[in-house]
Amino acid sequence: MREYLLTLCITAAVTYLLTGPVRKFAIVAGAMPEIRARDVHREPTPRLGGIAMFFGLCAGLLVADHLTNLDQVFDSSNEPRALLSGAALIWLIGVLDDKFEIDALIKLGGQMIAAGVMVMQGLTILWLPVPGVGTVSLTQWQGTLLTVALVVITINAVNFVDGLDGLASGMVCIAAAAFFLYAYRIWYGYGIEAAAPATLFAAILMGMCLGFLPHNMHPARIFMGDSGSMLIGLVLAAGAISMTGQIDPDALRLNLGGSTRDTTHAMLPVFIPLVMPLTVIAIPFADLVLAIVRRTWNGQSPFAADRGHLHHRLLEIGHSHSRAVLIMYFWSALIAFGTVAYSVHSASGMWVMLTIVALSFVGLVLLLLPRFTPRAPLWAQHLVPPRYRRRPPQPASQAPSPDAPTTPEPEPTPIPAGINGATAIGGRSRFMDRRKADSGSRS
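So, how was this worked out
Residues numbered from 1 in each chain as written. Predicted model: local features only at pLDDT ≥ 70, side-chain atom pairs only at ≥ 80, totals over all residues. Heavy atoms only, no water. UniProt positions renumbered as here; feature names shortened; annotations may be inferred. Helix = DSSP H or I, 4+ residues; strand = E, 2+ residues; numbered from the N terminus. Expected span 1.5 Å × (residues − 1). Buried < 20%, exposed > 50% of the residue type's maximum accessible area, 1.4 Å probe, protein only. Contact = heavy atoms within 4.5 Å. Salt bridge = Lys/Arg side-chain N within 4 Å of Asp/Glu carboxyl O. Phe/Tyr/Trp six-rings, centres within 6.5 Å; stacked < 30°, edge-to-face > 60°. Core = buried A, V, L, I, M, F, W, Y, C linked by side-chain atoms within 4.5 Å.

Word for word, the UniProt comment on the protein under Subcellular location (unreviewed entry) is "Cell membrane". Per UniProt, the protein has the following entry under Cofactor (unreviewed entry): "Mg(2+)".

Here it is as structure tokens:
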């Protein structure tokens, strides 16, 4: 565990320290799109945050390769190299898109090529545990098609929620934390060495997101752009592929000491959702499916942009920017950790998972209450942004007199909800006003 924590911290530190220089580079390079009617931010904000995240990924893999208990992952498996190759390709495409806004089909083709590069180096799905049937071996073409589909779906699902400051990186970090707990349990608890790469990927992904979050929380100083959202989506998909398609269920059954049906039942809560990501990225995937259905129903292209994403609806019904982000965080934690808790059979692990699920549920309920405003305790005042601090009581001498004339304050100009980037396979469009934005295309 110490090696994984060290890798996580190094990845987070490198990402955090590089984000500042990358922001200055993005400003000099002109990767600062103008404010659009659908944007939430009030001033031009640079993109290209994915550059810092990619170098954080490289630093994490480099450190892990020199640690005593993790270097065997690189000796016995080619999966880390496959991940780095696919990540470099998808990152390069994202950087070009952040700067020049390349065509949607080119981005889609790049995502498929990046997945194909990982398949060629061994990071692919070999078999699947199917309930009631057991282990089903896949042919080379079946495994390749399923792997490419998983990568493309995950990348675009993550990119779909990259619409509010800190939303995508925070949700992926939560998903990676839940995935790490499950993968570490398989690797350390059951002695399955094939789960070590997936555990390493999850730790590095958490470090990438944690290092970028301080710069990306509202109001964001830099956006990750497609170079970041597609990158973390690919890393998340790589961990799912490694865990789902590389671990032999027969070896796991020997460690669990059960029948094939018992093993399939034990693996089903996490394996099947990872194959078609419905658990660790349940919210992004649901947003993706709803967007495709909604646009197709309205006679539009599935890649056409609109204003119907889940985080936009939270803003439209009256939630603030930070509150909408926190609601999405708690929903993600509730689903991801709840699924992991369902797959845990030990009493100690079950209590840990249930505690996290209960706290997530309580936080979600409190945030949904219309009159509740979260405030930090007194001992944590200096650790949180000013909007969450307790305001000192106003002295009576400064209180306005009831007889003093009051002047009505001007109504603030409403800023329409929008996202800061485009979908991973859709272009960015411009709108003149909110009415056009509601009926036009948007991601």
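Resuming the write-up.
### Remarks on helix 8 (residues 196-216)
Each turn of an α-helix holds 3.6 residues, which means side chains three or four residues apart point in the same direction. With 21 residues, helix 8 extends 30 Å from end C-alpha to end C-alpha; this agrees with the ideal 30 Å at 1.5 Å per step. Across the 21 residues that make up helix 8, a large majority, 19, are buried.

### Things to note about the environment of R221
Mapped onto the secondary structure, R221 falls in the loop between helix 8 and helix 9 (225-246). On the basis of relative accessibility, which here comes to 47%, the residue R221 falls in the partly exposed class. Between the C-alpha atom of R221 and that of T19, which follows or precedes it by 202 residues, the distance is 9.7 Å. With near-sequence residues (within four places) excluded, R221 lies in contact with R23, T45, P46 and H215.

### A short note on the pattern of salt bridges
Where charged atoms from two side chains of opposite charge approach closely, those side chains can pair. Evaluated as defined, the whole model comprises two salt bridges. The salt bridge partner of K107 is D97, with a shortest N-O separation of 3.5 Å. Of this pair, K107 sits in helix 5 (residues 104-120) while D97 sits in helix 4 (residues 79-100); the two residues are ten residues apart in sequence, bridging distant segments of the chain. For K107, a relative accessible area of 1% translates into the label buried. Its relative accessible area of 2% is what places D97 among the buried residues. Ionic pairing is found between K107 and D226, a salt bridge with its closest N-O pair at 3.5 Å. Residue K107 is located in helix 5, and its partner D226 is located in helix 9; the two are separated by 119 residues in the primary sequence. Among the residues examined, D226 registers a relative accessible area of 1% and is labelled buried. Each of D97, K107 and D226 takes part in a single network of salt bridges with overlapping partners.

### Topic: the packing of aromatic side chains
This model, assessed by the stated rule, comprises eight aromatic pairs. Here Y4 and W187 contribute two aromatic rings whose centre-to-centre distance is 5.5 Å and whose plane-to-plane angle is 90°, an arrangement assigned as edge-to-face. Of this pair, Y4 sits in helix 1 (residues 2-29) while W187 sits in helix 7 (residues 167-189), and the two are 183 residues apart along the sequence. The two residues Y4 and W187 agree in class, both being buried. An aromatic cluster of three or more residues is present, and its members are Y4, F180, Y184 and W187.

### Here's the deal with the environment of G30
Note on placement: G30 falls in the loop between helix 1 and helix 2 (50-65). With 16 residues separating them along the chain, G30 and P46 place their C-alpha atoms 7.9 Å apart.

### Details of the nonpolar core
Of all hydrophobic cores here, the largest spans 100 residues; its most connected members are Y4, L57, L200, L205, L231, I232 and L234. At 16 residues, helix 7 tops the list of elements feeding residues into this core.

### Considerations on helix 2
Taking 1.5 Å of rise per residue, the 16 residues of helix 2 would be expected to cover 22 Å, and the 23 Å separating its terminal C-alpha atoms lies within 8% of that figure. Within the span of helix 2, buried status applies to G50, I51, A52, M53, F54, G56, L57, A59, G60, L61 and A64.

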